[in-house]
Amino acid sequence: MAFYRAHVLVCGGTPCELGGCRAVKDTLLEEVNRLGLSSEIRVLETGCLGPCDQGPVIIVYPEGIMYARLQPGDVKEIVEQHLLKGRVVNRLVYHEKKEEAKSVVTFESSDYFGLQERIVLRNCGRINPESIEEYIAHDGYRALGKCLTEMEPAAVVQVVKDSGLRGRGGAGFPTGLKWSFTAKTDSNQKYIVCNADEGEPGTFKDRLILEGDPHSIIEGMAIAGYAVGANKGYIYIRGEYKLSIERLQHAIRQARELGLLGTNIFGSDFAFDIEVRSGAGAYVCGEETALIESIEGSRGEPRYKPPFPGVSGIWGKPTVVNNVETLANIAPIILNGAAWFRGFGTEKCPGTKVFTMTGDINNEGLIEVPMGITLRQIVYGVGGGIPGGLGFKMAQTGGTSGGCLPKEFLDLPMDYDTLAEAGSALGSGALLIMDDSHCIVDIVRCFMKFFKHESCGKCTPCREGTTRLYELVTKITEGKATNEDIALLTELSRVMQTSALCGLGQAAPNPLVTCLKYFEEEFGAHLNGYCPTGVCTMPVANVKVG
Amino acid sequence: MKSLEELARIREQAKQNLQLRESRDGIKIVVGMGTCGIAAGARETMNAILDELIKRNLSQVIVTQTGCVGLCEQEPIIDVTLPDQPKVTYGKVSPDKARQIIANHVVNGNIIGEWVIRSDKQ
């Protein structure tokens, strides 16, 4: 057995990779070798730790000291001082970005991590995602074993139902109920699909879960397969997510080798296998029926519903489509029970939610907090507030298709139902924070441009609507719009929300509608030829002199 | 994978390798690694400690280093802390002494009094 006196975990998530973590890891290995420490110090890669804007990040165990914003040039000092002599290099230690910043922060002790509750991200940043043994050491595959040896499929469905888990992809549909539809349908073939086609701008949680803990998804899918009677699973993932795909395929191979995928799993007659399918990066393929079309090899366009995929999905067979984060919740629920899960979050929305924070916020990155936490706690607690002393203008929840909430909503609990009432959505967990230097109309124009580009063109309300919305909003930013244009925007939004074929067209007007409602004054100013923040270029003729 | 027992076996084995990242309250050995310590041979002492731990399969022991504590004359210095016991500091620890400290103190709980230079009162 090899014995190491220290483990150095290098965060290998995509954000850290962009920051240059590979070079940091290589330099680490070089330096450790140079000083002859390679038999004492183990250097390994792990999944995302969360503070993505601070990358590359490393953690040194047994002390649990976290270093941030490392450059290859800093590594020598860490190896010579910390790893050789045991002196923590204070200069490079992770600092919390807050008014009274603490330093020498260990992984678990900072406020940033203190407010978090990690169920989905339980292993992210703690284990080596390429090692099935490390996953098993943290109770991995025990839930699958428990299901196959001690539980009837119906009992598994019941536990998930009782837990109150709701789909984490955006719509918040109860997962247990979804499973029960497919379980009840008679068929010689059923499928489980993991929706990893995470296309919402600003969302990268699924990517980092897959990179950091791929086995949790495999286990979740196998349990789902047992519960509904499916023996085949597909993971539909964005083609750009190279590292996620690599890690998944590696994990699937390891699971097959240990007989955790294949036939007679845990000595039962249950068989299950998983295939990875990569998409070509169309936003609409995140919609479950368009995703199914794409898996079948057709062009990614949504189908008419009903029938829903639970009854007729891939090749007309009953198919459960679950989001990555939903599946990552399954194993802990089976192991700890429904009542345990209900101990987190709110009554109607138990559990936690993974958010990706981006925009004008100090701690950009990946967090997991209990459902029902307020927006204020996220922005000013975990998020560390807004940089540059600027004020909070708005938060867009749920990604580009979500609504925009002004500061009056800062104390709103973050869960599916409350946000839906406010005209927004919890959605995929993207959280875009904007300070008051931005023009709301200009921001809306950017959102509308995105939908114009991503509409698949199958149904008219969406194809035509997204283009017209963009044109009209652009007109406002140019100072050429009138009150009639606002009325037209409102009418068009209503038509799209009620008649578009799928979620894309139905949700596209959300940011516009909420902004029209909550930032009426700012829109009014633009109609009068004036942009309060000075972002939009207005015609000179509108400038009032004197 | 044929049974839960098989999974449990893999889990126990894998857990041992991860103990370093999990436990904060196990047996701890701290080696003085200031310039004075290194000059006095702390590297060799450290290597002997690690080698002895591997031989005895003591994966739960945490080994860290510290800087100069001021007693350069006594280097290499090591601290040994067993759970719920005061810290014991040994001085002039040669590789050979280090091996004996592990055998007597870490494994059997017998402090080697004549090499101790300081012991925390309980």
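Before reading on, note that the structure itself is shown above.
Residues numbered from 1 in each chain as written. Chains lettered and ligands numbered in written order. Predicted model: local features only at pLDDT ≥ 70, side-chain atom pairs only at ≥ 80, totals over all residues. Heavy atoms only, no water.

Caption draft 1: Geometry of the sheet that holds strand β2 (residues 62-66) of chain B. All names here are of chain B. On the basis of which strands lie adjacent, the open sheet formed by 5 strands has the order β2-β1-β3-β4-β5 and mixed pairing. Each having just a single partner strand, β2 and β5 (116-119) make up the two edges of the open sheet. Each neighbouring strand pair of the sheet contributes to a mean axis angle of 20°, computed without reference to strand direction. In terms of strand pairing, strand β1 (residues 28-32) meets β2 through 5 bridges, oriented parallel. Counted as the bridge partner of Val31 is Gln65 from β2. (Pairing = 2+ DSSP bridges. Helix = DSSP H or I, 4+ residues; strand = E, 2+ residues; numbered from the N terminus. Axes fitted to C-alpha atoms, helices over the stretch in contact; angles between N-to-C directions.)

Caption draft 2: Fine view of the environment of A:Tyr236. Residues and elements named next belong to chain A. Following the sequence through the fold, Tyr236 ends up in strand β6 (residues 232-238). Taking the relative accessible area as the measure of exposure, Tyr236 reaches 2% and is therefore buried. Once you skip the residues sitting within four places of it in the chain, Tyr236 turns out to touch Cys194, Asn195, Ala196, Asp197, Arg277, Gly279, Ala280, Cys285, Leu291, Ser294 and Ile295. (Buried < 20%, exposed > 50% of the residue type's maximum accessible area, 1.4 Å probe, protein only. Contact = heavy atoms within 4.5 Å.)

Caption draft 3: Representation of the environment of A:Ala290 within the structure. All names here are of chain A. Position of Ala290 relative to the elements: it lies in helix α12 (residues 288-295). In this structure Ala290 comes out as buried when scored by relative accessible area, which is 0%. Counting along the chain gives 237 residues from Ala290 to Asp53, while the straight-line C-alpha distance between them is 33 Å. Not counting chain neighbours up to four residues away, the residues in contact with Ala290 comprise Val284, Cys285, Gly300, Glu301 and Pro302.

Caption draft 4: Focus on the layout of surface pockets. As a volume, the second largest pocket reaches approximately 400 Å³. Around the second largest pocket, the lining comprises 21 residues; the ones closest to its centre are A:Asn123, A:Ala137, A:His138, A:Asp139 and A:Gly140. Residue assignment for the lining of the second largest pocket shows that the elements contributing at least two residues are α5 (132-137) and α13 (324-336) of chain A together with α1 (4-22) of chain B. Among the elements that line the lining of the second largest pocket, the one with the most residues is α1(B), at 6 residues. (1 Å grid on protein atoms, 1.4 Å probe; cavity = no way out; pocket = protein on both sides within 12 Å on 5 of 7 lines; lining within 4 Å. Points joined across faces, edges and corners; volume = space filled by probe spheres on them.)

Caption draft 5: Summary view of the sheet that holds strand β5 (residues 191-196) of chain A. Residue and element names in this part refer to chain A. Ordered by their spatial adjacency, 4 strands build an open sheet running β7-β6-β5-β8, and the pairing between neighbours is parallel. Unpaired on one side and paired on the other, β7 (273-279) and β8 (319-323) mark the two borders of the sheet. Across the sheet, the axes of successive neighbouring strands diverge by a mean angle of 20°, strand direction being ignored. With 6 bridges joining them, β5 and β6 adopt parallel strand pairing. Its bridge partner lying in β6, Ile192 is registered against Gly233. Relative to β6, α12 is tilted by about 105°, and along the sheet it contacts β5, β6, β7 and β8.

Caption draft 6: Broad picture of the pairing of β6(A). All names here are of chain A. Counting buried residues in β6 gives 6 out of 7 residues, a clear majority hidden from the surface. Bridge count between β6 and β7: 7 bridges; the pairing is parallel. Bridging across to β7, Ile237 finds its partner in Ser278. Of the crossover connections in this fold, the one passing from β6 over helix α11 (residues 242-257) to the parallel β7 is right-handed. (Right-handed = clockwise from strand over helix to strand, strands pointing away.)

Caption draft 7: Quick look at the pattern of salt bridges. All names here are of chain A. Applying the stated criterion across every chain yields a total of 44 salt bridges over all chains. The salt bridge partner of Glu134 is Arg42, with a shortest N-O separation of 3.4 Å. Separated by 92 residues along the polypeptide, Glu134 in helix α5 and Arg42 in strand β2 (residues 41-46) bring together distant segments of the chain. Arg42 gets classed as partly exposed once you look at its relative accessible area, which sits at 23%. (Salt bridge = Lys/Arg side-chain N within 4 Å of Asp/Glu carboxyl O.)

Caption draft 8: Geometry of helix α22 (residues 520-527) of chain A. All names here are of chain A. Of all the residues in α22, the buried ones are Glu522, Phe523, Ala525, His526 and Leu527. Tucked into the core, α22 has its buried residues touching β11 (392-397), α17 (440-454), α18 (460-477), α19 (483-499) and α21 (510-518). At the C-terminal side of α22, Gly529 shows a positive phi close to 80°.

Caption draft 9: Here's a closer look at the nonpolar core. Formed by 70 residues in total, the largest nonpolar core has its most connected members in A:Tyr141 and A:Trp179. The dominant element in this core, judged by the number of residues it contributes, is helix α10 (residues 214-228) of chain A, at 9 residues. Non-local contacts of A:Tyr141, meaning those with residues more than four positions away in its chain, are made with A:Ile132, A:Tyr135, A:Ile136, A:His215, A:Ile218, A:Glu219, A:Ala255, A:Leu260, A:Phe266 and B:Leu7. With 62 residues, the next largest nonpolar core counts A:Leu84, A:Tyr94, A:Val379 and A:Val382 among its residues. (Core = buried A, V, L, I, M, F, W, Y, C linked by side-chain atoms within 4.5 Å.)

Keep in mind these numbers describe shape, not what the thing actually does.
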